[in-house]
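# Breakdown of the fold
Listed here are the chains, written in short residue letters.
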Amino acid sequence: MSQTSKPGSLGKSFEISKMLIWEAYQKVKANKGAAGVDQQSLADFAVDEKRNLYKIWNRMSSGSYFPPPVKAVEIPKAGGRGVRILGVPTVADRIAQTAVAMVLEPQVEPMFHPDSYGYRPGRSALDAVATCRQRCWKYRWAIDLDIQSFFDTVPHEPVLQAVGKHTDLPWVVLYVKRWLTAPIQQPDGTLQSRDRGTPQGSAISPLLTNLFMHYAFDRYLADTQPHVTFERYCDDAIIHCVSEHQAKYIRNVLAARLWRFGLRLHPEKTRIVYCHQEDRPKPPKGIPVEFTFLGYTFRPRYARLRDDRFKLGFLPAVSKAAKKQMAATIRRWHLGRCTSLSFAEIAAMINRIVAGWINYYGRFYKSLLISFLAERINPHLVKWAMRKFKHLHRAPAKARQRLAQIAATYPGMFIHWRHGALPTGSTTAAV
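Parameters at a glance
- Residues numbered from 1 in each chain as written.
- Predicted model: local features only at pLDDT ≥ 70, side-chain atom pairs only at ≥ 80, totals over all residues.
- Heavy atoms only, no water.
- Pairing = 2+ DSSP bridges.
- Helix = DSSP H or I, 4+ residues; strand = E, 2+ residues; numbered from the N terminus.
- Axes fitted to C-alpha atoms, helices over the stretch in contact; angles between N-to-C directions.
- Parallel < 35°, antiparallel > 145°, perpendicular 65-115°, else oblique.
- Left-handed = near helix turned anticlockwise from the far one by under 90°.
- Contact = heavy atoms within 4.5 Å.
- Nonpolar A, V, L, I, M, F, W, Y, C, P; charged D, E, K, R; others polar.
- Salt bridge = Lys/Arg side-chain N within 4 Å of Asp/Glu carboxyl O.
- Buried < 20%, exposed > 50% of the residue type's maximum accessible area, 1.4 Å probe, protein only.

Sheet architecture is open: three strands sit in the order β11-β12-β13, paired in antiparallel fashion. Looking at which strands have only one partner, the edges of the open sheet turn out to be β11 (291-293) and β13 (310-318). The average undirected angle you get between the axes of adjacent strands in this sheet is 55°. Bridge count for strand β12 (residues 296-304) against β13 is nine bridges, and the pairing is antiparallel. Residue Tyr 302 lies in a different strand from β13, and its bridge partner there is Leu 312.

The following block contains the structure:
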């Protein structure tokens, strides 16, 4: 069934396929997500699924669909650096947004820049980190780019112009405009109108962000500064340069470019960095030699070569902010108090989360992450053993030895043990 055709059938202003709405619903179900301002969960929506889906289709087809306010939810930033505001649409609105994204994405995805990695099929943050690592070996200088309050200040008109350039469907442009201007419901219940910005957390926002940044950043750099390379993930970008002079020039050019759209480079977080490694001169005095990109901190680190020699390279590893966030999660588990659970049950409780950390933060310089997990999780397991077994209540040394014996017998019980974070029986770092 086609997604669109000529208007007029069934007396509708726009011809929108019911199958499109159904497929969008399947995607929303797979992605899960919280309830919006109407407090309707996915489970609630599914109780009267057929009627709810028909209502979305009917209103979108007639042009009478108006999105409800977006629920503002505060999410702590990594490293305790304040909070990030996520916008949570209602379930019905997520379905409508996903339907529009499904129509628009095939039109714009093929023309996106190859070094744009965020929220694109077949690309990931780890791909961007890998490319960045390779280019830091090639180029001595990098610009760590930070657009101040990007999601709160991105202008609407250029976004709508870009959408209109890639579709001849007026209903797509109509609903994108309504989503951009839908009010935000603050935690205290007040409504905040918007004439700029696109809320993080909505189904359509990643595509609109990429579309805006394609023209404002990616294509502009490719057309006017083809001699520099970059990696961009949504609004985070690293730009590689051959000299400090070139880096300053590119930074100033981009600042002027983004200013045209009412956007500003963060004066403190946007930095020029020297990618120091063994075969390069020492960094100029006062110049930063590290940056953090997508949860990885790039800086000079020693790595073991195949012939067992060590060499200083400019390498990524899990960032301090990411470790701080993981440590906070581990503390919230209160493993030492879970004495009603068996060891195997504790492993089942945490292994999925720890596996996610290892899969992401263990891709590069894995030894640092594994050492961190050993220092942070194993002492909690020692506390569990001391509380669980009476003969170990006042014997931390014996508890550590017992944990080491269990790990030697069952090295695959905990996911971090499987990757080398085995307890040794000796004193471990404090929790």
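Having seen the model, we can carry on.
With that settled, consider the packing of helix α11 (residues 320-333) against helix α13 (residues 366-388). Here α11 crosses α13 at 20°, and the two axes come no closer than 10 Å. Here α11 is positioned roughly parallel relative to α13, judged by the angle of their axes. Seen from above, α11 lies across α13 with right-handed handedness. Between α11, through Lys 323, Met 326, Ala 327, Ile 330 and Arg 331, and α13, the contact on the second element is made entirely by Leu 368, Leu 369, Phe 372, Arg 376, Ile 377 and His 380. Its residues assigned to classes, the contact of α11 with α13 comprises seven nonpolar, one polar and three charged.

Here we take up the pattern of salt bridges. Scanning the entire structure with this criterion turns up nine salt bridges. Residues Arg 135 and Asp 115 are paired through a salt bridge, measuring 3.2 Å at the closest nitrogen-oxygen approach. Separated by 20 residues along the polypeptide, Arg 135 in helix α5 (residues 125-138) and Asp 115 in the loop between α4 (91-108) and α5 bring together distant segments of the chain. One exposure class covers both Arg 135 and Asp 115, and it is buried. Of the charged contacts, one joins Arg 135 and Glu 231 as a salt bridge, the two residues approaching to 3.0 Å between their closest N and O atoms. You can see Arg 135 sitting in helix α5 and its partner Glu 231 sitting in strand β8 (residues 229-233), a full 96 residues away along the chain. You'll find Arg 135 and Glu 231 in the same group, each marked buried.

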